[in-house]
Amino acid sequence: MTEPAARWGTSSAGVSRLWYVAYGSNTHAARLAAYLRGGRSADGGDRTYPGCRDPRPPASTRAVWLPGTLYFATRSPVWGGGRAFYDPDAPGRVPARGYLLTVGQFSDIAHQEMFREPGTDLDLRGVLRDGRDGLGPGRYETLVRAGTLDGLPMLTFTAPWSAGEVPPVPPSARYLRRLGAGIAEAHGWPPERVAGFLASCPGAAGHWTARAVTRVLTGEDTGEPS
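Residues numbered from 1 in each chain as written. Predicted model: local features only at pLDDT ≥ 70, side-chain atom pairs only at ≥ 80, totals over all residues. Heavy atoms only, no water.

**Observations regarding the packing of aromatic side chains**
By convention here, two paired aromatic rings are described through the distance between centres and the angle between planes. For the structure on display, the rule yields 13 aromatic pairs. With centroids separated by 5.4 Å and ring planes inclined at 15°, the aromatic side chains of Tyr20 and Phe157 adopt a geometry described as stacked. Of this pair, Tyr20 sits in strand E1 (residues 17-22) while Phe157 sits in strand E10 (residues 152-158), and the two are 137 residues apart along the sequence. The pair formed by Tyr20 and Phe157 is uniform in burial state, with each residue classed as buried. Grouped by ring-pair contacts, the aromatic residues Tyr20, Tyr71, Phe85, Tyr99, Phe106, Tyr140, Phe157 and Trp161 constitute a single cluster. The positively charged end of Arg93 is found above the aromatic ring belonging to Trp65, 3.9 Å away from the centroid. (Phe/Tyr/Trp six-rings, centres within 6.5 Å; stacked < 30°, edge-to-face > 60°. Helix = DSSP H or I, 4+ residues; strand = E, 2+ residues; numbered from the N terminus. Buried < 20%, exposed > 50% of the residue type's maximum accessible area, 1.4 Å probe, protein only. Lys NZ or Arg CZ within 6 Å of the ring centre and 35° of its normal.)

Structural data, given as structure tokens:
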């Protein structure tokens, strides 16, 4: 049996391009650019990225939806609060953003999300065949196929657990600001609608109100909930 770690880089099953579906901070194009080009992101994240082998911008972007739930759990060393994860088996819909990338770009972004060195293509055979594939036990090492767009697969990555299997962790204000900016940029939503969605997500719900998130998104408040 192949060990999970060894599967980070063998075959793309004949696919050369795909839609990377971002649901977290990468919904914001400036944030994704740091993963592509490398360097330090200028959006508040405390990390310098090695970048992708191919630093070109996405060939196209689309506002898309993911069936399931966005939730916040574990603690991000970059943002200082709960991370965004996607549970495809939970009820609901998640506003997301599709980026048309090469397999190499998608692979290098996934490597960077897991603090790995980019440079090898992911083995996509399992996720393209079965709709889901765990490449390892890490936080973003589970690949999910979310459908097809323009004849190309829509892929994202998330944790191996479900929303109900881990303790919720509230996201930080600056993380919500980045997610909110990305959703607004992709879907054209006003701050109040974005805030209502984010405040309803497990991990944020009960800690952040829609009004408090709106104040963060509009710059009226830069602090954390009391």
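**Things to note about the pairing of E10**
Taking burial as the measure, the seven residues of E10 include six buried ones, the bulk of the element. Pairing of E1 with E10 involves two bridges; the strand directions are parallel. For Tyr20, the partnering residue across the bridge sits in E10 and is Leu155. With seven bridges joining them, strand E9 (residues 142-149) and E10 adopt antiparallel strand pairing. Its bridge partner being in E10, Leu149 is matched across the sheet by Leu152. (Pairing = 2+ DSSP bridges.)

**Regarding the confidence of the model for the protein**
This prediction gives the protein a mean pLDDT of 90; 90% of its residues lie at or above 70. Here residues 1-8 is a poorly scored stretch, pLDDT under 50, and it has 20 contacts once near neighbours within four places are set aside; other chains count. (pLDDT = per-residue confidence, 0-100. Contact = heavy atoms within 4.5 Å.)

**Comments concerning the packing of helix H4 (residues 173-187) against helix H5 (residues 191-200)**
Close contact between H4 and H5 brings their axes to 10 Å; oriented N to C, the two are set at 125°. The orientation of H4 relative to H5 falls into the category oblique. For the element pair H4 and H5, the recorded crossing hand is right-handed. The residues of H5 that touch H4, namely those facing Leu176, Leu179, Gly180, Ile183 and Ala184, are Val194, Phe197 and Leu198. (Axes fitted to C-alpha atoms, helices over the stretch in contact; angles between N-to-C directions. Parallel < 35°, antiparallel > 145°, perpendicular 65-115°, else oblique. Left-handed = near helix turned anticlockwise from the far one by under 90°.)

**Concerning unusual backbone geometry**
Glycine aside, residues mostly have negative phi, and peptide bonds are mostly found in the trans state. Even without glycine at this site, Thr74 takes up a positive phi of about 55°. Of note, Thr74 is situated in the loop between strand E5 (69-73) and strand E6 (83-87). The phi dihedral of Phe115 is positive, around 60°, even though this residue is not glycine. Among the structural elements, Phe115 can be located in the loop between helix H2 (103-113) and helix H3 (125-130).

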